[in-house]
Amino acid sequence: MPYHSSTKSRAVSTWLLVVAALVCAMIIIGGTTRLTDSGLSITEWKPISGAIPPLSQQDWQDEFALYQQTTEFQVQNSAMTLEEFEFIFWWEWGHRQLGRLIGLVYFVPFVFFWLRGHLSARLKSRLFGLFLLGGAQGAIGWWMVASGLSDRLDVSQYRLATHLGMAFVILGLSIWFSLEARHGPPPLRRGRLAGVTAGLLGLVFVQIILGAFVAGLDAGRIYNTWPLMNGDLIPEGYLGGMNFFPAIFESHAAVQMHHRWTGYLVGLGVFAYAWQVWREPRVSLKPFMVILPALVIGQIALGIAALLAVVPLSLSLAHQAGAILLFIAMVAAAWTARRAV
């Protein structure tokens, strides 16, 4: 007998948390792929057959030959050996393979819960929309990779930011819908604190997008001093000889400066928010008074450490992981702020 749907389901909530955890892993592996310059190692998009890696020496030679046609190889990696190519290939293949796994882990339980009646009408439409976003993310990923297969050394920073932004949208919705499945939909609250929390979540998201531009341009490898940028508040060459609007997305100096200062703004916003929560009578929000400041202090410290060390892989990934944790905490805070408890 099918289960009659209600507004709450612990099983659905747990499944969505598993999906969210896999998306977190996907973001970290995607960051590793970018930072190791592995993203252009697979030059074709084969959603089905691409799941099978090279199985023979000839297969590896064929894949390497395709990579050798890219500008990245010809300008930057012309001395690369087949063994070195295999290293970057496996990172990109693993990234794509995890994407396929997430699709499977999402789709099969989704169909099961739908057919068994575990989903409310409200969640059905929202989870179907999330499924479509996941499919769009795969297409965005290839759109991003394709930008680096012509006359560029790296993928477009605009497309990289779009790809990362969509990953965080999917992560945030997975967390939000998981909370809704476990506790029921939050009442619509238009109070000041709910709006402030949503605004702070938006600011954290903007900072994550700015971080994607820093990564896309390798802008963390310059001005490796703190608190000033080589002794200046506004670095020399801020606009890089460009007009203002392209410069804020394409000038290495401008991109890094904006990421720095938006990070400080997020920090101030979090501490101001913690003060408001301290004065808030609702008990459910009180944990965020401690969680959010702790996470933002750690995240700023990791960002400074990564900058001063000229963005080594370990610190860069730790900084990205910190962004994930802060974002998840902000999503939970935004959801909680809309409840009456």
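If you're wondering where the values come from, they're calculated on a predicted model, not measured in any experiment.

Draft legend 1. How the structure looks around the packing of aromatic side chains. All chains considered together, the criterion is met by 26 aromatic pairs. The interplanar angle of 65° and the centroid separation of 5.5 Å between the aromatic rings of W60 and W90 together place this pair among those described as edge-to-face. Within this pair, whereas W60 is found in helix α2 (residues 57-67), its partner W90 is found in helix α4 (residues 82-115), the two being separated by 30 residues in sequence. A relative accessible area of 8% means that W60 is categorised as buried. W90 sits in the partly exposed class, given a relative accessible area of 39%. On the basis of an interplanar angle of 85° and a centroid distance of 5.6 Å, the ring pair of Y158 and F213 is categorised as edge-to-face.

Draft legend 2. Region of interest: a nonpolar patch on the surface. On the surface, a cluster of nonpolar side chains totalling about 910 Å² of accessible area is made up of L101, L104, F107, V108, V111, W114, L115, F128, F131 and L132. When residues of the nonpolar patch are traced back to their parent elements, those giving at least two are α4 and α5 (121-146). Element by element, the count of residues in the nonpolar patch is highest for α4, at seven residues. Looking at the secondary structure, you find F107 in helix α4. Classification of F107 by relative accessible area gives partly exposed; the value is 40%.

Draft legend 3. Here's a closer look at α5. Taking 1.5 Å of rise per residue, the 26 residues of α5 would be expected to cover 38 Å, and the 38 Å separating its terminal C-alpha atoms lies within 8% of that figure. Of all the positions in α5, only L123, L127, L130, Q137, I140, G141, M144 and V145 are classed as buried. Turning to α5, the residues buried within the fold contact α1 (10-35), α4 and α6 (157-183).

Draft legend 4. Structural detail: unusual backbone geometry. The omega torsion of the bond from W226 to P227 falls at 10°, within 30 degrees of zero and hence cis. Within the secondary structure, P227 is located in the loop between α7 (192-217) and α8 (244-250). One non-glycine residue, Y223, lies in positive phi territory at about 50°. Along the chain, Y223 turns up in the loop between α7 and α8. One non-glycine residue, V310, lies in the positive phi region at around 60°. Positionally, V310 belongs in the loop between α10 (288-308) and α11 (313-337).

Draft legend 5. Structural context of the nonpolar core. With 64 residues, the main nonpolar core has W15, L127, L171 and L292 as its most contacted residues. Broken down by secondary-structure element, the contributors of at least two residues to this core are α1, α4, α5, α6, α7, α9 (252-279), α10 and α11. Here this core takes 12 residues from α11, the largest share from any one element. With sequence-adjacent residues up to four places away left out, W15 is seen in contact with V105, Y106, P109, F110, F113 and L127. Counting residues in each nonpolar core, the second largest holds 16 residues, with I42, M80, F89 and M144 among its members.

Draft legend 6. Here's a closer look at the environment of M144. Within the secondary structure, M144 sits in helix α5. With residues near it in sequence (within four places) discarded, M144 still touches V155, R159, L160 and H163.

Draft legend 7. The pattern of salt bridges, seen in detail. Counted by the stated rule, this structure contains six salt bridges. Among the ionic pairs, R34 bridges to D154, the shortest N-O distance being 3.9 Å. With R34 in helix α1 and D154 in the loop between α5 and α6, the pair connects residues that are 120 residues apart, well separated along the chain. As far as the burial class goes, R34 and D154 line up, both buried.

Draft legend 8. Seen up close, the packing of α10 against α11. The interhelical angle for the contact between α10 and α11, taken along N-to-C directions, is 160°, at an axis separation of 9 Å. By the angle between their axes, α10 is roughly antiparallel relative to α11. Of the two elements, α10 crosses α11, and the hand of that crossing is left-handed. When its residues are assigned to classes, the contact of α10 with α11 shows 17 nonpolar, six polar and no charged.

Here is what the cut-offs are and how they apply
Along each chain, residue indices are assigned from 1 in the same order as the chain's sequence is written. Totals for whole chains, interfaces and linings use every residue, but because this is a predicted model, local features are given only for residues with pLDDT of at least 70 and side-chain atom pairs only at 80 or more, for both listing and counting. Side-chain figures throughout are based on the complete set of non-hydrogen atoms in the structure, without hydrogens or water. The aromatic pairing rule takes the rings of Phe, Tyr and Trp, using the six-membered ring of Trp, and pairs them if the centres are within 6.5 Å, calling planes under 30 degrees apart stacked, those over 60 edge-to-face and the rest tilted. Helix and strand labels come from DSSP, where a helix needs a run of H or I of at least four residues and a strand needs a run of E of at least two; each type is numbered from the N terminus. Summary of the burial criterion: residues with accessible area below 20% of their type's maximum are buried, those above 50% are exposed, and those between are partly exposed, where the area comes from a 1.4 Å probe applied to protein chains only. The residues that make up patches have over 30% relative accessible area and no salt bridge, and they are joined within 9 Å when like-charged or within 5 Å when they are Val, Leu, Ile, Met, Phe, Trp or Tyr. Each accessible area is a Shrake-Rupley result for a 1.4 Å probe, and residues are judged covered by the shown protein chains and nothing else. Any carboxyl oxygen of Asp or Glu within 4 Å of a side-chain nitrogen of Lys or Arg constitutes a salt bridge here. Between the first and last residue of a helix there are one fewer steps than residues, each counted as 1.5 Å, and that sum is the expected span. In what follows, residue pairs with any heavy atoms lying within 4.5 Å of each other are defined as contacts. As used here, the term nonpolar core means buried Ala, Val, Leu, Ile, Met, Phe, Trp, Tyr and Cys residues forming a set that is joined through side-chain atoms within 4.5 Å. To get an axis, a line is fitted to the C-alpha atoms, and for a helix only the part in contact is used. The angle between two axes follows their N-to-C directions and goes from 0 to 180 degrees. To sort the angles, those under 35 degrees are grouped as roughly parallel, those over 145 as roughly antiparallel, those from 65 to 115 as roughly perpendicular, and the leftovers as oblique. By convention, the crossing between two helices is left-handed when the near helix turns anticlockwise from the far helix through less than a right angle, and right-handed when the turn is clockwise. Amino acids are sorted into nonpolar (Ala, Val, Leu, Ile, Met, Phe, Trp, Tyr, Cys and Pro), charged (Asp, Glu, Lys and Arg) and polar (every other residue, Gly among them).

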